[in-house]
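Structural features, examined
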Amino acid sequence: MPPDRPTQLIDGFDRRISYLRLSVTDRCDFRCQYCMAETMQFLPRSEVLTIEELLRTARLFTELGVRKIRITGGEPLIRRGVHELFEGLGSLTGLDTLALTTNGSQLADTGRALRDAGVDSINISLDSLQAARFKTITRIGDLDAVLRGIDRAIECGFERVRLNAVILDGLNRDEVVPLTRFALEKGIHIAFIEEMPLGQVNVGGKPLAYVSSDALQKELAEQFSLVPMTATETSGPARDFLIAGSQTQVGFISPHSHNFCAQCNRLRISAEGRLLMCLGNEESIDLRGLLRAGSTDEEIKTTIIESLSIKPERHVFDQPEEPQIVRFMNATGG
Ligand code: SAM
Ligand code: SF4
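Computed from a prediction, not measured in an experiment: that's the story for all the values here.

**Some remarks on the overall build of the protein chain**
Along the backbone of the protein chain there are 10 helices and 16 strands. Looking at the protein chain as a whole, 54% of its 334 residues are labelled buried. About 14600 Å² of surface is accessible on the protein chain, with carbon and sulfur atoms providing 49% of the total.

Spelled out as structure tokens, the structure:
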């Protein structure tokens, strides 16, 4: 957010919060190995924030100084009423960027409506270009549907379309270059995300191993000329590079190897309405309780402002003997 735009959301480490990630469901039409267990217990619907509650929450946060909202999940596009939500968010005063993270399965049908509602930016998860492997990773996903979704997103003219890939040793390590080439051919961006140990996820009894961003960057630098971008050209925790001679950016999101907490400008709200201070820690407040207790806008805003004093300075993911977090990513919203 430009410095001349005041925010009332300032934490105990003088970090200004301008970005909210809002999870609208914990349910999903995929079961990605690193995100969910094969059989999952989802929240009863009554515990998930309603569309009205989500819209009220988004309005209160924009009034407090949030300028960017990303809708995530679970899979947001399978949430009933999600288009009403996007329409409402698209007309919120004070919001500069409305973004979505999706697995792409529903995008071929919904891309146009999302663009018309005012969605600016879409991240689409894609971990493999091989149909059989895609099925193994997602357990039930259909690669063709996602590829159609990506093409539709490109046709609809979103300001920014980016692929998100989680690379795991022994699973899709060999697709780093093909995925980047694919993004380049499509004229879109790509980011590689280091796997975060959220929940007990393993395949065949073995924990999945993340690959460091530095290793991926080195591998890509052998194939492409990567030009580092400055912090003002990029946003968020990704370290971004431009592929020389193209519009395509390659980002590395490195919760393990390059801690990005010092620049943290974000808060998250889980599907059941917990305001989470940090992806890697459990500090939170029960926003749903406030919303359902008949609190006024001012009361809720005051509680949010005060709650920032418990935002931790940083996450720690590299102490495997002491797992920090026991929730799955679908409950938090990535
Ligand atoms: N369903 C949507 C999707 O897949 O894009 C949105 C929610 S998903 C939880 C958001 C992002 O989190 C995806 O890009 C996914 O790859 C990533 N993700 C899920 N589990 C992860 C983990 N354990 N470590 C790192 N990234 C993870
Ligand atoms: Fe669903 Fe996204 Fe999690 Fe995959 S990463 S299971 S698509 S929520």
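Further notes follow.
**Side note on the pattern of salt bridges**
Side chains bearing opposite charge may pair, as long as their charged atoms lie close to each other. Enumeration over the complete set of coordinates arrives at 14 salt bridges. As a salt-bridge pair, Asp169 and Arg173 come within 3.8 Å of each other at their nearest N and O atoms. The salt bridge partner of Lys301 is Glu298, with a shortest N-O separation of 3.7 Å. Placement of the pair is Lys301 and Glu298 together in helix α9 (residues 297-307), with a separation of 3 residues, close to one helical turn. Since its relative accessible area comes to 12%, Lys301 is described here as buried. Using a relative accessible area of 52% as the deciding quantity, one classes Glu298 as exposed. If you follow the salt bridges from partner to partner, you end up with Arg56, Arg59, Glu63, Asp297, Glu298 and Lys301 in one network.

**Points about the packing of aromatic side chains**
Applying the stated criterion across every chain, the model contains 3 aromatic pairs. For the ring pair Phe192 and Phe252, a centre distance of 6.2 Å and an interplane angle of 25° mean the geometry is stacked. Residue Phe192 is located in strand β7 (residues 189-193), and its partner Phe252 is located in strand β13 (residues 249-253); the two are separated by 60 residues in the primary sequence. Each member of the pair, Phe192 as well as Phe252, carries the same accessibility label: buried. Residues Phe241 and Phe252 carry aromatic rings whose centres are separated by 5.9 Å and whose planes lie at 75° to one another, so their mutual orientation is edge-to-face. Separated by 11 residues along the polypeptide, Phe241 in strand β12 (residues 239-243) and Phe252 in strand β13 bring together distant segments of the chain. Residue Phe252 is classed as buried on the basis of its relative accessible area of 0%.

**Some thoughts on the confidence of the model for the protein chain**
When pLDDT is averaged along the protein chain, the result is 87, and 82% of the positions lie at 70 or above. Within the model, the stretch residues 319-327 combines pLDDT values under 50 with 24 contacts to residues more than four positions away or in other chains.

Rules used throughout
Residues numbered from 1 in each chain as written. Chains lettered and ligands numbered in written order. Predicted model: local features only at pLDDT ≥ 70, side-chain atom pairs only at ≥ 80, totals over all residues. Heavy atoms only, no water. Helix = DSSP H or I, 4+ residues; strand = E, 2+ residues; numbered from the N terminus. Buried < 20%, exposed > 50% of the residue type's maximum accessible area, 1.4 Å probe, protein only. Areas by Shrake-Rupley, 256 points an atom, 1.4 Å probe, with all protein chains shown as cover. Salt bridge = Lys/Arg side-chain N within 4 Å of Asp/Glu carboxyl O. Phe/Tyr/Trp six-rings, centres within 6.5 Å; stacked < 30°, edge-to-face > 60°. pLDDT = per-residue confidence, 0-100. Contact = heavy atoms within 4.5 Å.

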